[in-house]
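# Close look at the chain arrangement
Chain by chain, the residues run as shown.
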Amino acid sequence: MTEWGNLVRQFGSRRGEVCLPDGRCQPLPDVNQPPLILPFGLETVPVNKSAPRLVLSRDETANQLDLPALQQQLNDIIDYLAFQLDVAPPTHPWQLVWLGRDVATRSLGGAAGDQVFVANYPTDAGKTTPQDPLRLLRTSAHEAVHILSARHSAQQPTWVNESLAEYLAIKALRRFRLHQVTAVNELAERGKQLPHSESGLYRAAREVLAGDRSYYPLFYVKGSAFWEALERELQHNDVTLARLLPQLSWLPDGRFDAASNELLAGTIGSDTWRRLSRRYLGEQQ
């Protein structure tokens, strides 16, 4: 159960609770907290010593997958993502929910709450598909980045939150040799199929803020390619993305502010930063 479309967040000192049929109650989040996600009535793969980060709940169809192996792989991915973000790994197990959705719905994704996240996987006539393990790991890694970076994400524009999470998910799968695709290659393969493919990320951010969510897919595809291209340039200059990120800030419309532009230009070179800006952001810095 989630709060979307069901519950209203409250102001004031008295906090409501949501109680499940099994008697467990959970307070409603404060206005600025992550969304409430309450799994119940699902089978659970218990935490084990080799995978202490996750309690994996899933629907019945997911039993067709090698769940212990996937749980272990994702545990390793979460530790890697924490290292990439220079944050501490979770000290208490997160709850992860895997739910199948039929391919005919064309609606797959994920959602991150407070130490609980949901990932969908495609099913076909009640059966899993060969793409499911990779899809689950990538979507789960994306949502894990949102949880790990929650302390900083409130200050980041939506395009930054989504694009950074997608890039790090792609990078993690490459690190563990689960998938060799790069974000830049995905942009080359899929970019022209997206709505508004020629738009830069700055315009996409403004349009989404104005209510046009048809620009949102650019955050994932063009946005992840931006971070990959930027990190390659940072590596040439012996700077890590984790070290740079806390120093960046943005204007209300989603653009890097003047100090961040100056920092990026000074780190990777003015010409290189102008080239990346034109290619991905859509505006010359």
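Please refer to the structure placed before this passage.
Reading the values: rules and limits
- Residues numbered from 1 in each chain as written.
- Predicted model: local features only at pLDDT ≥ 70, side-chain atom pairs only at ≥ 80, totals over all residues.
- Heavy atoms only, no water.
- Buried < 20%, exposed > 50% of the residue type's maximum accessible area, 1.4 Å probe, protein only.
- Helix = DSSP H or I, 4+ residues; strand = E, 2+ residues; numbered from the N terminus.
- Arc of directions from axis to C-beta.
- Contact = heavy atoms within 4.5 Å.
- Phe/Tyr/Trp six-rings, centres within 6.5 Å; stacked < 30°, edge-to-face > 60°.

So, on to helix α9 (residues 258-268). Working note: α-helix, 3.6 residues per turn, so residues spaced by three or four point in the same direction. Restricting attention to buried positions, one finds in α9 the residues Ser260, Asn261, Leu264, Ala265, Thr267 and Ile268. With its buried residues spanning 165 degrees around the axis, α9 presents them on a single face. Exposed side chains of α9 directed beyond 90 degrees from the buried face belong to Ala258, Ala259, Glu262 and Gly266. Packed against the buried residues of α9 are α7 (217-236), α8 (241-244) and α10 (270-281). Gly269 sits one or two residues past α9 and shows a positive phi near 100 degrees.

Counted by the stated rule, this structure contains 14 aromatic pairs. Look at Tyr80 and Phe176: their rings are 5.9 Å apart centre to centre, the planes differ by 80 degrees, and that puts the pair in the edge-to-face class. Of this pair, Tyr80 sits in helix α1 (residues 67-85) while Phe176 sits in the loop between α4 (158-175) and α5 (183-190), and the two are 96 residues apart along the sequence. Among the residues examined, Tyr80 registers a relative accessible area of 14% and is labelled buried. Since its relative accessible area comes to 29%, Phe176 is described here as partly exposed. With a centroid separation of 6.5 Å and an interplanar angle of 75 degrees, the aromatic rings of Trp159 and Tyr202 are classed as edge-to-face.

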